[in-house]
There are 2 protein chains.
Amino acid sequence: MCSPPGCGHGNRIWSVTLSPSQTPDEPAAEAARQLPPATVSRLTLYLRTLNALLSEGTERVSSEALAESAGVGSANVRKDLSYLGSYGTRGVGYEVAHLSRKIAQALGLTHEWRVAIVGAGNLGRALARYAGFESRGFDVVALLDADQMLVGTEIGWLRVTDVADLEHTLEKTRANMVVLALPAAVAQSVCDRVVDAGIHSILSFAPVALSVPAFVNLRKVDMATELQILAYHAQRLADPRLDEDRPGA
Amino acid sequence: MCSPPGCGHGNRIWSVTLSPSQTPDEPAAEAARQLPPATVSRLTLYLRTLNALLSEGTERVSSEALAESAGVGSANVRKDLSYLGSYGTRGVGYEVAHLSRKIAQALGLTHEWRVAIVGAGNLGRALARYAGFESRGFDVVALLDADQMLVGTEIGWLRVTDVADLEHTLEKTRANMVVLALPAAVAQSVCDRVVDAGIHSILSFAPVALSVPAFVNLRKVDMATELQILAYHAQRLADPRLDEDRPGA
DNA sequence: ACGTGTGAAGAGCTTCACAGCC
DNA sequence: GGCTGTGAAGCTCTTCACACGT
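Chain A goes by Redox-sensing transcriptional repressor Rex in an unreviewed UniProt entry, where it is assigned to Arthrobacter wenxiniae. Under Subcellular location (unreviewed entry), UniProt gives the following word-for-word description of chain A: "Cytoplasm". Here chain A is described in UniProt, under the heading Subunit (unreviewed entry), as follows: "Homodimer."

Below is the structure:
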């Protein structure tokens, strides 16, 4: 793991875009294509529902129905969709096919995304075989590991390649996204190599905070963290009086 | 992500309920032991760092160092920790062992959490073997599946049991949390049974919105969603000019 | 009548900046 | 000098409520 705090540069995950007042010139044009992060993540949920509706032949859908199937409020749905433009019809709803196309376009799913998974342990192998990626437009093009026992074996329709050749594999497969399914101890060094190889989009499952340059997009999924958050709420329900020495109490 | 930040957030966990205008008597006392959700998810990150420091013998840590290793700002760390009480020493920092204990306590990790994983597909098996759960105080006590080919086999140190006996298994193993690693199609019905069996904390990996009673805590992790969010940002960096075309005009 | 689109109000979170204590 | 604790300011996101189009 990273030696004591201070093994280098401390960069923030996904640049803050700060500058409260960048150029006061053209705020609207820039802002117009900046979707709020919360909206982006909900758009993926709407898209999932829309695609389900599409394949069952439904033609129109209301914000109420979309809200229901995404687990949010309908006002929220309408606000989110309004960032994309006025694609609904008042008194009627949204046309499923059209809206689906618009969301996919806004999310950049028209592009071809080629994903390399680094780490062929339990999780990496599970991800490599997960059909959900392919079906949603993400091509898993490589699976890498450092373990020589795994290199060369086949997982799903992929052959595991040596992480020593990471740069070469990424270039050859023209991967433009990387999923890190690695132990915490090696995650940062592999991450650095991935960034140096020109990858700007990384999804990490390693239970450690990775530091990356500001221009790199890093998202983290940590299953133990999720369970701990559940534990917090569960404990609160179970034992409503947990007044330790809290301020204000 | 919690994602980073962001994170696609959970859905209406615990909802708003009592804040608006409960009893105007004692608002502060109740509010005092309600940690902001964003704080809760960062506390898990601090705890991870603290435990690492603990095992390497470091005794004190500053908010700056904690911030660095969690990927947030130091003011944020201090604010978060201040919700727990004043456990730091000005001019010095925080005592690692003490702070670690306080956070674990606040998160409810003193409790014993017994997790049942439903679904022994690729992901379920990977989760069952994931050492990160055990090491952080979560005991995986059962692994269930509907596939008769899998029932009875051993994964890690667990024997797969039949999901038909779900209620019985949950009771017998005294599980108090459930992880759903199921296909979307069956997730809701299994979820309903899990809730009926008295489980109030559920972590779902199924790519579908589950509906649960308000008193149930449901968190979702969706890997395809994470990739789509990355795609959005990557596309923005690659192609700064996003076209728009108005619908009818 | 129905359901979208949207300013405005409200709630929550982050960042700042500095007082207070070691 | 160094670092915590915290009001206040600023920002983002959510919710409300209703005008508007069909």
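What follows continues from the structure just given.
What about the overall build of chain A?
Scanning chain A for helices and strands turns up 10 helices and 10 strands. Within chain A, the proportion of its 249 residues that are buried is 49%. For chain A, the share of sequence-separated contacts (at least 6 apart) that also reach a separation of at least 24 residues comes to 57%. As presented, chain A carries roughly 11,800 Å² of accessible surface, and 54% of it is formed by carbon and sulfur atoms.

Considering the protein's contact with DNA strand D
Taken together, 25 residues lie near DNA strand D, and R42(A), R90(A), S63(B), G88(B) and Y94(B) sit nearest. Of all DNA strand D atoms lying within 4 Å of any protein atom, the proportion belonging to sugar or phosphate reaches 61%. The contact in question runs from a base oxygen of DNA strand D to an N or O atom on the side chain of R90(A), over 2.9 Å. G88(B) places a main-chain nitrogen or oxygen 2.9 Å from a phosphate oxygen of DNA strand D. Those elements that provide at least two residues to the surface near DNA strand D are α2 (37-55) and α4 (74-82) of chain A together with α4 (74-84), β2 (88-89) and β3 (93-95) of chain B.

Some remarks on the sheet that holds strand β3 (residues 93-95) of chain A
Residue and element names in this part refer to chain A. Here three strands make up an open sheet; going across it, the order is β1-β3-β2 and the pairing antiparallel. Each having just a single partner strand, β1 (60-61) and β2 (88-89) make up the two edges of the open sheet. Here β2 pairs with β3 via two bridges, running antiparallel. Following the sheet pairing, G88 is matched in β3 by Y94.

A short note on the UniProt feature "binding site: NAD(+)" (unreviewed entry) in chain A
Residues and elements named next belong to chain A. Listed under "binding site: NAD(+)" (unreviewed entry) in the UniProt record, and renumbered for this structure, are G119, A120, G121, N122, L123 and G124. Along the chain, A120 turns up in the loop between β4 (113-118) and α6 (122-129). Along the chain, G124 turns up in helix α6. Dropping the residues within four chain positions of it, G124 is found in contact with I117, G119, L143 and A181.

Quick look at the packing of α6(A) against helix α6 (residues 122-129) of chain B
Each pair of packed helices gets described by two things: the angle between the helix axes and the distance between those axes. With their axes 8 Å apart at the nearest point, α6(A) and α6(B) run at an angle of 170° to one another. Taken together, α6(A) and α6(B) sit at an angle that is classed as roughly antiparallel. For the pair α6(A) and α6(B), the contacting residues are N122(A), L123(A), A126(A) and R129(A) in the first and N122(B), L123(B), A126(B) and R129(B) in the second. In terms of residue class, the contact of α6(A) with α6(B) is built from four nonpolar, two polar and two charged.

Quick notes on the packing of aromatic side chains
Each aromatic ring pair is specified by the distance between its two centres and by the angle formed by the two planes. All names here are of chain A. In the structure shown here, the tally under the stated rule is two aromatic pairs over all chains. Look at Y130 and F133: their rings are 5.0 Å apart centre to centre, the planes differ by 80°, and that puts the pair in the edge-to-face class. By relative accessible area, Y130 is classed as partly exposed at 22%. Exposure remark for F133: the relative accessible area of 1% places this residue in the buried category.

Calculation notes
Residues numbered from 1 in each chain as written. Chains lettered and ligands numbered in written order. Predicted model: local features only at pLDDT ≥ 70, side-chain atom pairs only at ≥ 80, totals over all residues. Heavy atoms only, no water. UniProt positions renumbered as here; feature names shortened; annotations may be inferred. Helix = DSSP H or I, 4+ residues; strand = E, 2+ residues; numbered from the N terminus. Buried < 20%, exposed > 50% of the residue type's maximum accessible area, 1.4 Å probe, protein only. Contact = heavy atoms within 4.5 Å. Areas by Shrake-Rupley, 256 points an atom, 1.4 Å probe, with all protein chains shown as cover. Near = heavy atom within 4 Å. Polar contact = N/O pair within 3.5 Å; in protein donor to acceptor, adjacent residues only side chain to side chain. Pairing = 2+ DSSP bridges. Axes fitted to C-alpha atoms, helices over the stretch in contact; angles between N-to-C directions. Parallel < 35°, antiparallel > 145°, perpendicular 65-115°, else oblique. Nonpolar A, V, L, I, M, F, W, Y, C, P; charged D, E, K, R; others polar. Phe/Tyr/Trp six-rings, centres within 6.5 Å; stacked < 30°, edge-to-face > 60°.

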